[in-house]
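Structural description and commentary
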Amino acid sequence: ALSTKPLRRDVVGTPFPVHRLVSGCMHLLRSAPTLAVAAVAARGRWAVAASSRTAGHQHRRYHVHRGHQHRHQQTRGMATTNAGGTGDDPSLDDSNQRSASQVITDRGGGGGGNVEGRQRQKAATRKAVRQALRALTEEDMRAESASITAHILDAVRVFRGPTDASATSAGDETAAETVRLGLYVHCARLREVDTTPLLRAALAVSHVQLFVPIVDMPLPSPDTDGSANAAAAPPTMRFLRISNLEDDLELKCMGIMEPTELERDGVTPRHNLEASGAPLDLLLMPGLAFDAAGNRLGRGGGYYDAFIERHEATCAARGWTPPPTLALAFSPQMLPVGAVAMEIHDRPVDALATPAGLVGCTPAGVTLVGGT
């Protein structure tokens, strides 16, 4: 029982108001049932809300899982492995010595007639070929690169002209007509065919002007509302002329050597092919997968497809002959005809240089590799 006597005095000696304390306690006791009901109701609402959130999360997880499973089932009929790992398919494990072409052939070849089917097939082919390239040893790549270089130097007329020294000693009248050659600098990290001997051979020929690609990444451009739009334009590729491998190249994006924007004097802009008033006479290019019909699968950037389309449009407008294209490929990059899915924007090549020899895929390619 609560006493009505003062429990204490404050600093000025006023009795503590015990009657107010008693009144407050009695009010709380009378309100207890109502508060209890309200608390239970609130707890029930919290529980229902939490249950709904959990159920919604589980529902979403279920559909994500089902979608992933469905996609996985759709792609089980294709070759699958990634540059970052072997994947779940034992047929693509490093311990299994089957080539990418065998895997793709066994699994049905080309990617169906619709866009989604072709895109799935292209993704699967990229994974399989990357896996096959990783299985090549350094010695394998050196040997195959040397064979490819030898075939090109022996058969392609561009590389068989007079050298600077011979042209100088014999006089200008022996100099051949100027040839504009497009040739990339290989990227060892991507396991591309070594083009260094070809670059040096081209620079040694007096009538060859050597143009090397450089990729331009777009800068964000303002939208009408002033916000930045990073996807305003795709990356583009230009070809700039170089005359020296040691001084005219620098390390750029993705660890690839590209031409400097300025000449060695640091002031003069480097010669841009598209501002030169003349077309390329020959374009050597990389890729990831090819077949003997000339179908080419790149690494997904679309730089060469876009450049070739633009350059051919310029040639058509000015009455020029477009350059033949020659792609360089290690043996695992060569697939059966029909295994390389193509879309409307993909550009085939005219000829292929492989360790086994040169392959003409079009009349222009046959003329190129035949040396006529």
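Residues numbered from 1 in each chain as written. Predicted model: local features only at pLDDT ≥ 70, side-chain atom pairs only at ≥ 80, totals over all residues. Heavy atoms only, no water.

1. Side note on the sheet that holds strand β5 (residues 236-242)
- Pairing within the open sheet is mixed, and its 7 strands lie in the order β5-β2-β1-β8-β11-β13-β14. Pairing within the sheet leaves two strands with one partner each, and these edge strands are β5 and β14 (357-360). Across this sheet, the average inter-strand angle for adjacent strands is 25 degrees, counted without regard to direction.
- As judged from the 4 bridges shared by strand β13 (residues 351-354) and β14, these two strands associate in the antiparallel manner. Across the sheet, the residue bridging to L352 is V359, located in β14.
- Contacting β2 (208-216), β5, β8 (282-285) and β11 (325-328), helix α7 (residues 303-318) crosses the sheet at an angle of about 75 degrees to β5.
- Here helix α8 (residues 363-370) sits on the sheet and contacts β8, β11, β13 and β14; the angle it forms with β14, its principal contact strand, is near 150 degrees. (Pairing = 2+ DSSP bridges. Helix = DSSP H or I, 4+ residues; strand = E, 2+ residues; numbered from the N terminus. Axes fitted to C-alpha atoms, helices over the stretch in contact; angles between N-to-C directions. Contact = heavy atoms within 4.5 Å.)

2. Re the layout of surface pockets
- By volume, the largest pocket amounts to about 820 Å³.
- Contributing to the lining of the largest pocket are 37 residues, with G298, R299, G300, G301 and Y303 lying nearest its centre.
- Looking at the lining of the largest pocket, the elements with two or more residues in it are α3 (115-134), β2, β7 (257-259), β10 (296-297) and α7.
- Among the elements that take part in the lining of the largest pocket, α3 stands out by supplying 6 residues, more than any other.
- Tallied by class, residues from the lining of the largest pocket come to 17 nonpolar, 7 polar and 13 charged. (1 Å grid on protein atoms, 1.4 Å probe; cavity = no way out; pocket = protein on both sides within 12 Å on 5 of 7 lines; lining within 4 Å. Points joined across faces, edges and corners; volume = space filled by probe spheres on them. Nonpolar A, V, L, I, M, F, W, Y, C, P; charged D, E, K, R; others polar.)

3. Quick notes on the packing of aromatic side chains
- As enumerated under the stated definition, the model contains 1 aromatic pair in all.
- Ring centres 4.7 Å apart and planes at 45 degrees place the aromatic pair F239 and F307 in the tilted group. Of this pair, F239 sits in strand β5 while F307 sits in helix α7, and the two are 68 residues apart along the sequence. By the burial criterion, F239 is buried, and F307 matches it. (Phe/Tyr/Trp six-rings, centres within 6.5 Å; stacked < 30°, edge-to-face > 60°. Buried < 20%, exposed > 50% of the residue type's maximum accessible area, 1.4 Å probe, protein only.)

4. Quick notes on the pattern of salt bridges
- In the structure shown here, the tally under the stated rule is 18 salt bridges.
- Two residues, R264 and D247, come together in a salt bridge whose shortest N-O distance is 3.7 Å. Of the two residues, R264 sits in the loop between β7 and β8 while D247 sits in the loop between β5 and β6 (249-251), which places them 17 residues apart along the sequence.
- Residue R264 is classed as exposed on the basis of its relative accessible area of 52%.
- Each of D247, D248, E263, R264 and R270 takes part in one network of salt bridges that share partners. (Salt bridge = Lys/Arg side-chain N within 4 Å of Asp/Glu carboxyl O.)

5. So, empty space enclosed by the protein
- Throughout the structure, instances matching the rule amount to 2 cavities of 30 Å³ or more.
- By volume, the largest cavity amounts to about 50 Å³.
- Taken together, L283, F307, I308, H311, E312, P323 and T325 make up the full set of residues lining the largest cavity.
- Considering each element in turn, the lining of the largest cavity owes the most residues, 4 residues, to α7.
- In the lining of the largest cavity, the residues fall into 4 nonpolar, 2 polar and 1 charged.
- If you add up the space inside the second largest cavity, you get close to 30 Å³.
- Among the residues making up the lining of the second largest cavity, the classes are represented as 4 nonpolar, 2 polar and 1 charged.

6. Some details on the packing of helix α4 (residues 138-155) against helix α6 (residues 196-204)
- Packing of α4 against α6 leaves a shortest axis separation of 9 Å and a crossing angle of 25 degrees. For the element pair α4 / α6, the angle class is roughly parallel. Seen along the crossing, α4 lies across α6 with a hand that is right-handed. The segment α4 lies against α6, with T149, I152 and L153 engaging P197, L198 and A201.
- Here the residues of the contact of α4 with α6 sort into 5 nonpolar, 1 polar and no charged. (Parallel < 35°, antiparallel > 145°, perpendicular 65-115°, else oblique. Left-handed = near helix turned anticlockwise from the far one by under 90°.)

7. Details of α7
- Here α7 contains 16 residues, and its C-alpha end-to-end distance of 23 Å stays within 8% of the 22 Å for a straight helix at 1.5 Å per residue.
- Turning to α7, its buried residues number three or more, namely Y304, D305, F307, I308, H311 and C315. Axial view of α7: buried residues confined to an arc of 160 degrees, hence all on one face. What points out from α7, more than 90 degrees from its buried face, is the exposed set A316 and A317.
- Turning to α7, the residues buried within the fold contact β2, β5, β8, β10 and β11.
- Trailing α7 by a residue or two, G319 shows a phi angle of about 75 degrees, which is positive. (Expected span 1.5 Å × (residues − 1). Arc of directions from axis to C-beta.)

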